[in-house]
Amino acid sequence: SLISPSRRLTWLLMAAVLAVALAAAISTYSVRQHLARVLAASDQSAAEQVRGVAGSIDAVLRRAIVISGLLLLPLLTLVIWSARRQELAWDQAQRNEKSLVTTLRSIGDAVVSTDAEGRVMFMNAVAQRLTGWSEEQAQGRHLRDVVRIVQGGDNKPMSDLFERVVATSEPVGLATGSRLISKDGMEYCIDDSGARMREADGTLGGIVFVFRDVTQRDVQERALRASQEMFRLISDNIADLIAVLDPQGRRLYTSRSYQSLLGAQENLYLTDAMADVHPDDRERIREIFDRISSTGIEQRAEYRAFRRDGTVVAIESVGSVIRDEAGNPARVLIVSRDITQRKAAEEMIRGTMLRLEQQNIALASQTRNLAGRGASLDEIHHAVTELSGRTLRTSRVSVWFYNEERTAIRCADLFLESTGAHEEGAELRSESYPTYFAALAEGRVIPAHDARTDPRTREFADDYLDPLGITAMLDAPIHSEGRLIGVLCHEHAGSPREWTIDEQSFAASMADILVLNLEIWHRRQAEAALREARDGLEIKVAERTSDLEAANERLTELDRLKSEFLATMSHELRTPLNSIIGFTGILRQELPGPLNPEQHKQMEMVNRSAKHLLGLINDLLDVSRIESGRIEIARAKFDVREVVNEVLASLSPQANAKSLVLEAQLPAGPLEIISDRQRLFQILLNLATNAVKFTDVGRVSISAQLTDGKLVLAVRDTGIGIKPEGLRHLFEAFRQVDASARRQHEGTGLGLYLSRKLATLLSGTISAESSFGSGSVFNLELPQFPEPIA
Amino acid sequence: MNPSILLVEDNEQNRYLATFLLENEGCRVVHAGNGREALRALDSEKFDVVLMDIQMPEMDGFECLDHIRTRSAITDLPVLAVTSFASEADRKKAIEAGFAGYLEKPIDIDLFFDQIKSYLPERNRAS
């Protein structure tokens, strides 16, 4: 309702007061009217009395009005104040109710309220959704029709909900495991509770029924319970020992298997798991545990622990962390296993392996390093056949190698176990045993358990197996560097024999060992040969080197002595030659006085001989210097024309004396060249001097021309010429064309030799052509601009 | 005035030959048998040119030349080597040591004076 109760009361009170006042006023007025009528009809005294009464009535009326007014004022005030208060409280209640309704409508739980008869008055949205009833539809219906609750597997309806709530004094949960069936048949697991609503007078106003859908929670709880149960079953029934520890390593949970093996105490809860670990391992395991709980990384460890009875057990554990909701490591799950037996088995296997390995090593060492120890080929063969024969208990073991043509195999060694003897030299030709050779070429072990019938070996039956009583053969191919080189044969006499896999692989191993030894042997041979050759070579080289060094030193010393000797000789010879040449020159010029013709001629001869001697000395010195590399070559640009003219000028006396034509044939313009002017002059003078010397009639000409960066100088004569055999040795030292020429024409015998040496020094060449009897040409070829000297 | 030449030469024949040729050209020739004698001669008189053998007893040509070069009065005096050492290296060595010229023995009697003449003072060249 829109008007609050207090306000209503106020209005009522005010109306009452007004009514009383009005009633009083009206009644007073009517009494006064009545009195007035009485007065009109009555006497004076009575009138006076009546007036008096009327006056007192007026007074009373006035007083009553005044008093009632006085009374009404505070009353009104009080009433208004109280009404105001009530109004505020009512507003508050209205607001509370509103917010309460809103709350009820919006909370997650379903809320239904009824009146005192159990008829639905209110349903919030959740209740509507769960029950399938809208509030409008449900209002006025009984609670039991709207909220249908069953219990148990057979959907037995609960005793009347409304009655039960009414019967309960306290708000209370009604039942667990109850289910709500909605209007459209949906089923929800719910938690519910109900409470009575009382009116102010204590009478029942209705009930409030609250419930919530716990279907989801119920499923989860059941799953959790199931998984917990499963975990318990698993952990109690598997052989692995399971423990859950807190981060300090205290046991929070231990499986039955754990308890039966470890833990000295009866109750392991919160006891230190490390107590069971062997003291020697404890520190290590503690570290690993700390690592697990701090990093959360799974770790595995093997250690020793004490059984309940105090004996030691080998344990392998895997630790991993169980994280809390925030993802932090909260507990540590340890899954352990008794590995005592496994350890023992491993130990045993290791021991066996070790023994086998040692046996192998021993076996191999007997044979493997034979070659390394310097055994001969025969010793290697013998060792392998003997070892193989004794190990496999075969009567005959032999080693065969292909010949170079691969047409046969030849026995390098046959070991007869019965006598301990060795033989060799037998040969099996492939053409005689084609099937066996084909089988062999496949490169695999041939285990012929019955050699006489085995297709691979029966070719041997008549001429080999039968006579020797051989029943089984085991042949292992010998490979070297991927190539089949032979076969290791085991032959068993007596009763037939099945070769085991082990025996076959042993035979193959022996073949490998043989090859290994052969390879080592060959390598050692090669190394030895190489070493020998190298040592010999080194010694020879060393000897030769030291010889050469000594010889070189001696040569250097000799060369130095020779040069020194020549220099000294030159110097010492020049001193007397100076006066001989000088004085004969003076005498010949008749400066001191006239000579007769004979004296003049003789003086001339002495002078010429002395000059020849001087020339010889000069040439010798030059040759010596060139040969010892002590000559210096100048490099300068000059005109060859000048050099040619100087040569001609210096030879013209001799030429004139023999009436020879001496001429230059030079192209127009300068003939520039970079070379050693002095040396070129020397060569050219030498050649021209020879030409003049060996020409009696005709001419001597010097021509020069530049072509392709080369200067070609030719000295031609019309002289006696040189025989072909003479040309060959022309430029050698102390050669003259023949003995007669030497006698006839004095020369040092060094001129051409020196000329060629000088030409070479100038990066040039010198050559000669001649036709005997009609003249010679000497060609000197020089680079116009030679490469700079490095 | 005739050119005056100091001839330093230990070999008597060579000394005679050179003297003959020089005097034939009108030179005045004073002899010294080695470097030491040459220095003494230089102390006592002035020369236009010194002809000096290199290999000599007591004091050789190089040592003598060194002494001459230390004497301020005759620093510019031309000293020519006349020697039997005949290689290019010898010639180079002599020129580097300070010899003004290098004449190889055996001397060419026709050219000998001409080779010396260029070292004489102007006044003597004409002769």
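Refer to the structure printed above.
Rules used throughout
Residues numbered from 1 in each chain as written. Chains lettered and ligands numbered in written order. Predicted model: local features only at pLDDT ≥ 70, side-chain atom pairs only at ≥ 80, totals over all residues. Heavy atoms only, no water. Helix = DSSP H or I, 4+ residues; strand = E, 2+ residues; numbered from the N terminus. Buried < 20%, exposed > 50% of the residue type's maximum accessible area, 1.4 Å probe, protein only. Areas by Shrake-Rupley, 256 points an atom, 1.4 Å probe, with all protein chains shown as cover. 1 Å grid on protein atoms, 1.4 Å probe; cavity = no way out; pocket = protein on both sides within 12 Å on 5 of 7 lines; lining within 4 Å. Points joined across faces, edges and corners; volume = space filled by probe spheres on them. Nonpolar A, V, L, I, M, F, W, Y, C, P; charged D, E, K, R; others polar. Contact = heavy atoms within 4.5 Å. Phe/Tyr/Trp six-rings, centres within 6.5 Å; stacked < 30°, edge-to-face > 60°. Lys NZ or Arg CZ within 6 Å of the ring centre and 35° of its normal. Salt bridge = Lys/Arg side-chain N within 4 Å of Asp/Glu carboxyl O. Pairing = 2+ DSSP bridges.

(A) Broad picture of the overall build of chain B. Helix and strand counts for chain B come out as six helices and five strands. Along chain B, helices (α) and strands (β) appear in the sequence β-α-β-α-β-α-β-α-β-α-α when read from the amino end. Looking at the 127 residues of chain B, the share that counts as buried comes to 51%. If you sum the accessible surface of chain B, you get close to 6200 Å²; carbon and sulfur atoms cover 46% of it.

(B) The arrangement of empty space enclosed by the protein in detail. Considering all chains together, one arrives at three cavities of 30 Å³ or more under this definition. Of the pockets and cavities examined, the largest cavity occupies roughly 250 Å³. Considering the residues around the largest cavity, the lining is formed by 21 residues, among which A:M274, A:I285, A:Y303, A:S317 and A:I334 are closest to the centre. Listing elements by their share of the lining of the largest cavity, those giving two or more residues are β9 (241-245), α9 (279-295), β11 (299-306), β12 (312-323) and β13 (329-338) of chain A. Among the residues making up the lining of the largest cavity, the classes are represented as 16 nonpolar, four polar and one charged. By volume, the second largest cavity amounts to about 60 Å³. Forming the walls of the second largest cavity are A:N578, B:L7, B:E9, B:N14, B:L17, B:A18, B:V82, B:K105, B:I107 and B:F112. Here the lining of the second largest cavity takes three residues from helix α1 (residues 12-24) of chain B, the largest share from any one element.

(C) The environment of A:L245, seen in detail. Residue and element names in this part refer to chain A. Secondary-structure assignment places L245 in strand β9. Considering only alpha carbons, one finds L245 and G319, 74 residues apart in sequence, at a separation of 9.9 Å. Not counting the four nearest positions on each side in its chain, L245 is found in contact with R250, R251, L252, A273, F289, R331, V332 and I334.

(D) Representation of the packing of aromatic side chains in the model. All names here are of chain A. A complete count under the given rule lists ten aromatic pairs over all chains for this structure. An aromatic cluster is present here, built from Y402, Y433, Y436, F437, F460 and Y464 joined pairwise through their rings. Over the face of the ring belonging to W133 we find K183, whose NZ or CZ atom lies 4.8 Å from the ring centre. Between the NZ or CZ atom of R406 and the centre of the ring of Y402, over which it lies, the distance is 4.2 Å.

(E) Geometry of unusual backbone geometry. In this model, B:K105 is joined to B:P106 through a cis peptide bond whose omega is 5°. Of note, B:P106 is situated in the loop between β5 (101-104) and α5 (112-117). Of note in the backbone geometry, A:R406 takes a positive phi value of approximately 60° without being a glycine. As for its placement among the helices and strands, A:R406 is situated in the loop between β14 (396-402) and β15 (408-416). One non-glycine residue, A:E481, lies in positive phi territory at about 50°. Locating A:E481 in the fold gives a position in the loop between β19 (470-480) and β20 (483-493).

(F) Up close: the pattern of salt bridges. Residue and element names in this part refer to chain A. Considering all chains together, one arrives at 40 salt bridges over all chains under this definition. Between E229 and R232 there is a salt bridge, with the nearest N and O atoms lying 2.9 Å from each other. Highlighted residues: E229 and R232, both in helix α7 (residues 215-237), separated by three residues, approximately one helical turn. Among the ionic pairs, D622 bridges to R679, the shortest N-O distance being 3.7 Å. Pair noted here: D622 is in helix α15 (residues 597-627) and R679 is in helix α17 (residues 677-693), with a separation of 57 residues, a long-range link.

(G) Expanded view of the pairing of β12(A). All names here are of chain A. With eight bridges connecting them, β11 and β12 associate as antiparallel partners. What sits directly across from F306, in β12, is V312. Here β11 folds back onto β12 in antiparallel fashion, the turn holding five residues, of which G310 has a positive phi close to 90°. In the sheet, β12 pairs with β13 via nine bridges, with the strands oriented antiparallel. Following the sheet pairing, V321 is matched in β13 by V332.

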